[in-house]
Amino acid sequence: MRRLLLVLLLALSGCSAHASDGTRVTVLAAASLTKAFGEEATAYERAHPGTDVVLSFAGSQSLVAQVQQGAPADVLATADPATMGAVRGELEDPSVVFAHNELAIVTAPGNPLHLTSLQDLTRSGLKVVLAGPSVPVGKAAAKALTRAGVRVTPVSLEDAVTGVVGKVRLGEADAGIAYVTDLGGGVGGVPLGGTRTDLAIGPLTGAGRAFVQFVLGAEGQAILKKHRFQ
């Protein structure tokens, strides 16, 4: 039975940084992959009877920090290749791009303020939330805003895309910049064309190779497409 780690404990003294014992595969994945990788894990377990996939989700930069500090894990999936690059030397094989996403303006359901462009985020009194500059979606949003010549002063900077979506869902912000894959589930909004982002995945141990190959395969890619990844 798959277990979802709410908190990933760092390796204790004397413990190996390799998480797998042959029947368990520990996957660290970007917060934007929460729903998709939940389904990937179920499908992988079905295809590999007796294997338990343990998932831990957080901002990509937080996951990289965990790996650097010796957290036990077999697979790392980040919301951009640049963040993955910080642990290139920890990977068993080179990382690969396995999916694409796109930025979106996230709003209350139905987009009651009719926000359709980055320029709309400059409206007086509008409360906008963004991800921090070290978070992949935050970096992508900053680039998109600069390219559009738009300056936004956010009410908060979140450490994961889930924080941006959560603030909008709870009514603590009027809008935010997240991903197309975040639309629905209590939030509305509009995609921002021309803002494609790449997601990267790589095995941290030999045991993680099979999960990576599954995600890259036909069934794994179909699951990602179902969850609106490109």
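A. How the structure looks around the environment of Gly-208. Within the secondary structure, Gly-208 sits in the loop between β9 (188-203) and α6 (209-216). Judged by its relative accessible area of 0%, Gly-208 is buried. Spatially, the C-alpha atom of Gly-208 lies 20 Å from that of Ser-32, the residues being 176 residues apart in sequence. Gly-208 has contacts with Asp-74, Val-75 and Pro-203, leaving out every residue within four places of it along the chain.

B. Seen up close, the confidence of the model for the chain. Here the chain averages 90 in pLDDT, while 90% of its residues score no lower than 70. Taken element by element, the predicted model of the chain shows its lowest mean pLDDT in strand β1 (residues 3-5) (45) and its highest in strand β4 (residues 75-78) (98). The low-confidence segment residues 1-20 (pLDDT under 50) makes 46 contacts with residues lying over four places distant or belonging to another chain.

C. Helix α5 (residues 161-169), seen in detail. Residues of α5 that are buried include every one of Val-161, Gly-163, Val-164, Val-165, Gly-166 and Val-168, and no others. Residues of α5 that are buried make contact with β5 (96-107), β6 (128-131), α4 (136-148), β7 (156-158) and β8 (175-179). At the C-terminal side of α5, Gly-171 shows a positive phi close to 80 degrees.

D. Representation of the nonpolar core. If you look at the biggest cluster of nonpolar residues, it comprises 63 residues, and the most contacted ones within it are Val-27, Leu-33, Phe-37, Phe-98, Leu-121, Phe-211 and Leu-224. Among the elements that take part in this core, β5 stands out by supplying 6 residues, more than any other. Aside from chain neighbours lying at most four places away, what touches Leu-33 is Gly-38, Phe-57, Ala-77, Phe-98, Leu-199, Leu-224 and Phe-229. By size, the runner-up hydrophobic cluster in this structure holds 12 residues, among which are Leu-28, Ala-58, Ala-200 and Leu-204.

Conventions we followed
Residue numbers here run from 1 along each chain, matching the order of that chain's written sequence. With pLDDT at 70 or above as the cut-off, local features in this predicted model cover only qualifying residues; side-chain atom pairs require 80 or more to be listed or tallied, and sums for whole chains, interfaces and linings still use all residues. Side-chain measures were taken over the full set of non-hydrogen atoms in the model, leaving aside hydrogen atoms and water. Only runs of H or I of at least four residues qualify as helices and only runs of E of at least two qualify as strands under DSSP, and these elements are numbered from the N terminus. To sort residues, take the accessible area from a 1.4 Å probe on protein chains only and compare it with the maximum for the residue type: under 20% means buried, over 50% means exposed, and anything in between is partly exposed. Contact between two residues is taken to exist if any of their heavy atoms lie within 4.5 Å; hydrogens are not considered. For every residue, the predictor assigns a confidence score, pLDDT, that lies between 0 and 100. Definition used in this section: a nonpolar core is a set of buried Ala, Val, Leu, Ile, Met, Phe, Trp, Tyr and Cys residues joined via side-chain atoms within 4.5 Å.

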